[in-house]
Amino acid sequence: MSKVHENVIRDLLPLYADKVCSKETEDLVEAYLMTSPVIRRELEQMKAELPIPGNQGEASRRETNRKEAEGLRQVSVFWNRSKWKSFIKGAAVAVSVCGVIALGYVGLFRWSIVPVPPEVMKISEVSRLENGKVAYHIAFADGVKSNRAKYVMDDNGDFHIVPYRPIIPIKSNVGIAVSYYEVIDVENKIYQAKYGGNHEIRAFYYGEGKNRILVWKKGMDLPAASAKAEAWFQP
């Protein structure tokens, strides 16, 4: 037995402890254990580190598996919740970006907030129709549309029309964006609705401030309207 090296027995200890070695190997190890306290201690330590057999070991393994499964479930729940949070945040960001783009588009191309420059507004053919009303022709010579106008008036009889256009104007397909005849009639009714029926417009302008354009004022000597202007207002 002394011819067997201790390391050989040490290599056989795991097989012996797990009871998977042959009868001859088992006898060899047991014979060596009788003469070697060191190998006996190593065997005892090895057995202490092995899983506990029987029901207690099975219960322990089940508890371990349960804890591991619970940990995996919590990770899965957290991952799914995180994905939903990311999705919701992404959707909110996308909606916000689309809203900003839409508002930007409306603000730049659709929202009429910039007054039309006075040099663009061309007033001509201020004349008197056969029915006595004052008519004029208005055109925006730069080919840019105006979608909104504001009325500005005071109790001295001054009445202003202030046309507006978007920040980034939209060109008309024709050379002149606005070209039509108007008559100072609706404006006079608007003025009287504010200041009373015994008041009337005494001066009519396009624009306001120092750059306003006078269209007509009371007492102005007017020519008779052209046949084209008369035809414009025929029913």
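Since the model is a prediction, treat every value here as computed from it, not as a measurement. (Residues numbered from 1 in each chain as written. Predicted model: local features only at pLDDT ≥ 70, side-chain atom pairs only at ≥ 80, totals over all residues. Heavy atoms only, no water.)

Help me understand the packing of aromatic side chains in this model?
Any aromatic ring pair is given by two values, namely how distant the centres are and how the planes are angled relative to each other. Here the structure, examined in full by the defined rule, presents seven aromatic pairs. Here tyrosine 151 and phenylalanine 159 contribute two aromatic rings whose centre-to-centre distance is 5.3 Å and whose plane-to-plane angle is 50 degrees, an arrangement assigned as tilted. In this structure phenylalanine 159 comes out as buried when scored by relative accessible area, which is 0%. Summarising the aromatic geometry, the rings of tyrosine 191 and tyrosine 195 are spaced 4.8 Å apart at their centres and angled 45 degrees between planes, so their arrangement reads as tilted. Residue tyrosine 191 and its partner tyrosine 195 are located together in helix α5 (residues 186–195), separated by four residues, close to a single helical turn. (Phe/Tyr/Trp six-rings, centres within 6.5 Å; stacked < 30°, edge-to-face > 60°. Buried < 20%, exposed > 50% of the residue type's maximum accessible area, 1.4 Å probe, protein only. Helix = DSSP H or I, 4+ residues; strand = E, 2+ residues; numbered from the N terminus.)

How do you make sense of a nonpolar patch on the surface when you look at a structure like this?
Taken together, Ile113, Val114, Ile167 and Ile168 make up a surface patch of nonpolar side chains, about 280 Å² in accessible area. Note on placement: valine 114 falls in strand β1 (residues 114–115). Judged by relative accessible area, valine 114 falls into the partly exposed class, the value being 31%. (Patch = residues over 30% accessible without salt bridge, like charges linked within 9 Å, V, L, I, M, F, W, Y side chains within 5 Å. Areas by Shrake-Rupley, 256 points an atom, 1.4 Å probe, with all protein chains shown as cover. Salt bridge = Lys/Arg side-chain N within 4 Å of Asp/Glu carboxyl O.)

Would you mind showing me how to read the confidence of the model for the chain here?
Detailed conclusions should not be drawn from predicted coordinates in areas where pLDDT is low. Confidence along the chain averages 78 in pLDDT terms, with 72% of residues attaining 70 or more. Within the chain, the lowest mean pLDDT, 62, falls on helix α4 (residues 54–110), and the highest, 92, falls on strand β7 (residues 203–206). (pLDDT = per-residue confidence, 0-100.)

Whenever I open this one, the pairing of strand β2 (residues 121–128) confuses me. Can you help?
For a regular strand, the rule is simple: side chains alternate between the two faces of the sheet. In terms of strand pairing, β2 meets strand β3 (residues 134–140) through six bridges, oriented antiparallel. Its bridge partner being in β3, methionine 121 is matched across the sheet by phenylalanine 140. What sits between β2 and β3 in their antiparallel hairpin is a turn of five residues, with glycine 132 showing a positive phi close to 95 degrees. (Pairing = 2+ DSSP bridges.)

How should I be thinking about the side chain of glutamate 187 in this particular structure?
With respect to the helices and strands, the residue glutamate 187 is situated in helix α5. No salt bridge is formed by the buried glutamate 187; its nearest oppositely charged neighbour, lysine 189, is found at 9.5 Å. Residues contacting glutamate 187, with those up to four places away along its chain left out, are Phe159, Ile161, Ile201 and Phe204. (Lys, Arg positive; Asp, Glu negative; His and termini not counted. Contact = heavy atoms within 4.5 Å.)

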